[in-house]
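Structural features, examined
Below, each chain spelled out in residue letters.
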Amino acid sequence: MSQKIEITRIEKSKINDLDFNNFSFGSVFTDHMFECDFIDGKWANPKIKPYQPISIEPSASVLHYGQAIFEGMKAYKDKNDEVWLFRPDQNFERINKSAVRMAIPEFPDDLFYDALTKLVNIERDWVKHGDGRSLYIRPFVIGNDYAIQAVPSKNYKFMIICAPATLYYTKKLKVLVADKFSRAASGGVGYAKAAGNYAGQFYPTRLANDEGFDQVIWTDANEHNYLEEAGTMNIFFRINDTLITAPTTDTILDGVTRKSLIQIAKDNGIDVEIKKLKVDELKNAAKNGSLKEIFGAGTAAVVSQINAFQHKGELFELNELDNSYAEKLKSNLVGIQTNQLADHHSWRYKV
Ligand code: COI
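Residues numbered from 1 in each chain as written. Predicted model: local features only at pLDDT ≥ 70, side-chain atom pairs only at ≥ 80, totals over all residues. Heavy atoms only, no water.

**Section: the site of the ligand**
Around the ligand, the neighbouring residues are Phe 70, Gly 72, Tyr 136, Arg 138, Tyr 168, Lys 193, Tyr 198, Thr 232, Gly 298, Thr 299 and Ala 300. Within the side chain of Lys 193, one N or O atom sits 2.6 Å away from an oxygen atom of the ligand. In this structure, Ala 300 approaches the ligand through a main-chain N or O atom, which is 2.8 Å from an oxygen atom. Protein burial of the ligand: of its 280 Å² of free accessible surface, 88% is covered by the chains. (Near = heavy atom within 4 Å. Polar contact = N/O pair within 3.5 Å; in protein donor to acceptor, adjacent residues only side chain to side chain. Areas by Shrake-Rupley, 256 points an atom, 1.4 Å probe, with all protein chains shown as cover.)

Pasting the structure below:
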């Protein structure tokens with residue numbers, strides 16, 4: 001039996017202050033948040049309360065050693081105003097995998113689902129209908145010892161905040177294939193959703209932005225020969241009619257969108273190969289015309305098409321396609337998420 005969650009509701013919602021047709025992803029938060037502390041060896045005092053600043057001391061370990069993990073998931077509204085989560089079990093498993101890698105205590109499953117469903121239910125008016133619209137849910141954990149010894153914290157804060165979501169990318173992307181910087185190294189934390197994995201991308205991504213690219217395609221840290229991820233997304237390539245994506249090793253995030261698209265592709269009779277693809281193979285495929293599509297996949301960005309890439313000064317541009325896999329897979333995925341298509345794999349979870 002889960003611990004009882006204490007609930008304090010706001011007096012007046014700020015929902016009417018937001019123009020839902022004009023805001024950017026991740027910049028506006030809903031009325032409430034969930035908070036739970038790990039103290040004396042256990043998760044305690046779970047609360048849902050008005051969204052507000054938290055108070056931590058400047059010595060808090062997360063501020064010094066980055067002991068922090070997070071998840072990204074979404075809730076969708078169907079035409080009958082029912083609200084659905086998509087594969088929350090996958091996020092729950094992954095946050096605990098990330099926790100283990102970052103020496104953070106795992107979070108109990110009953111409390112995770114109870115907190116998530118109660119919070120999303122309270123915020124259901126913030127889940128809107130329409131293209132690209134959903135509620136982005138951000139569970140996260142921070143190390144919260146007031147001490148600067150470089151050891152795992154004894155105290156933590158687990159929180160869930162929610163942000164109304166809109167389209168993340170509104171155009172096709174032009175990307176730079178990394179030949180110097182890396183996102184993750186073998187034996188490291190690349191497979192975890194560790195906060196520092198994202199901070200480490202900012203500088204190389206800014207350099208790429210300055211050269212006119214939207215994102216960086218990460219390659220392996222040893223030789224920069226193999227294609228790994230696209231910005232904050234997993235990456236897919238269509239060569240002839242085969243869909244190719246990298247296997248989930250310790251440098252690659254086990255993306256929920258990634259694994260769902262693989263299954264949907266197979267359900268649609270598309271050949272899928274989970275294999276390491278070399279940058280040279282990609283360039284050859286672009287040169288001989290067999291490279292048809294590249295796209296990124298992630299919770300925030302869903303499916304984002306890439307129509308140009310550059311590697312070591314050589315730029316490749318992809319032609320427009322009539323029967324794009326990216327569009328087909330995206331519309332199937334969104335159809336399942338929003339309860340417009342049959343859910344053959346029991347991925348939807350009613351709030
Ligand atoms: C997600 O897709 O949920 C991510 O983690 C990307 C995020 C950094 C915006």
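Still more to cover.
**Re the environment of Ile 274**
By the secondary structure assignment, Ile 274 is in strand S14 (residues 271-274). What makes Ile 274 partly exposed here is its relative accessible area of 38%. For the pair Ile 274 and Tyr 146, spaced 128 residues apart in sequence, the C-alpha to C-alpha distance is 44 Å. Those residues in contact with Ile 274 that sit more than four places away from it in its chain are Thr 245, Ala 246, Pro 247, Arg 258 and Ile 262. (Helix = DSSP H or I, 4+ residues; strand = E, 2+ residues; numbered from the N terminus. Buried < 20%, exposed > 50% of the residue type's maximum accessible area, 1.4 Å probe, protein only. Contact = heavy atoms within 4.5 Å.)

**Focus: empty space enclosed by the protein**
A complete count under the given rule lists 4 cavities of 30 Å³ or more for this structure. Roughly 90 Å³ of volume is contained in the largest cavity. If you trace the largest cavity, you find 13 residues lining it, with Tyr 76, Phe 86, Thr 257, Thr 299 and Gln 337 closest to the centre. Only strand S5 (73-77), helix H5 (256-267) and helix H7 (325-337) provide two or more residues apiece to the lining of the largest cavity. Split by residue class, the lining of the largest cavity holds 6 nonpolar, 6 polar and 1 charged. Of the residues that make up the lining of the largest cavity, three or more belong to each of domain 1 (6-165) and domain 2 (173-337). (1 Å grid on protein atoms, 1.4 Å probe; cavity = no way out; pocket = protein on both sides within 12 Å on 5 of 7 lines; lining within 4 Å. Points joined across faces, edges and corners; volume = space filled by probe spheres on them. Nonpolar A, V, L, I, M, F, W, Y, C, P; charged D, E, K, R; others polar. Domains from an automatic or database assignment.)

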